[in-house]
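Geometric and topological summary
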Amino acid sequence: MQTAGERLLLLTLHEAYDPLSWLGLVTAEGGAHTAEAGRWAKEIVARVSSQE
């Protein structure tokens, strides 16, 4: 569990590429999981290091 003052794990663009690609496919298909896939994509993008 995250406590106050902890940073969320940062990812490299390389680490984030595959899950983001898969989530893009899920959102493009539409359906019941589109909203959740979009939310997860935003969470992953927020964790990509700005140093990339």
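Residues numbered from 1 in each chain as written. Predicted model: local features only at pLDDT ≥ 70, side-chain atom pairs only at ≥ 80, totals over all residues. Heavy atoms only, no water.

Our next topic: the nonpolar core. In terms of nonpolar packing, the biggest core is built from seven residues, these being Ala16, Leu23, Val26, Ala37, Ala41, Ile44 and Val48. Looking at this core, the elements with two or more residues in it are α1 (13-29) and α2 (34-46). (Core = buried A, V, L, I, M, F, W, Y, C linked by side-chain atoms within 4.5 Å. Buried < 20%, exposed > 50% of the residue type's maximum accessible area, 1.4 Å probe, protein only. Helix = DSSP H or I, 4+ residues; strand = E, 2+ residues; numbered from the N terminus.)

The next point concerns the pattern of salt bridges. Here the structure, examined in full by the defined rule, presents two salt bridges. The shortest N-O distance in the salt bridge between Arg39 and Glu36 comes to 3.7 Å. Here Arg39 and its partner Glu36 are both found in helix α2, three residues apart, which amounts to about one turn of the helix. A residue is classified by how much of its surface remains accessible, and Arg39, at 41% relative accessible area, is partly exposed. In this structure, Arg47 engages Glu43 in a salt bridge whose closest nitrogen and oxygen atoms are separated by 2.7 Å. Since its relative accessible area comes to 32%, Glu43 is described here as partly exposed. (Salt bridge = Lys/Arg side-chain N within 4 Å of Asp/Glu carboxyl O.)

Let's shift gears to the environment of Tyr17. Mapping Tyr17 onto the fold places it in helix α1. The exposure class assigned to Tyr17 is exposed, which follows from its relative accessible area of 55%. Considering only alpha carbons, one finds Tyr17 and Val48, 31 residues apart in sequence, at a separation of 9.9 Å.

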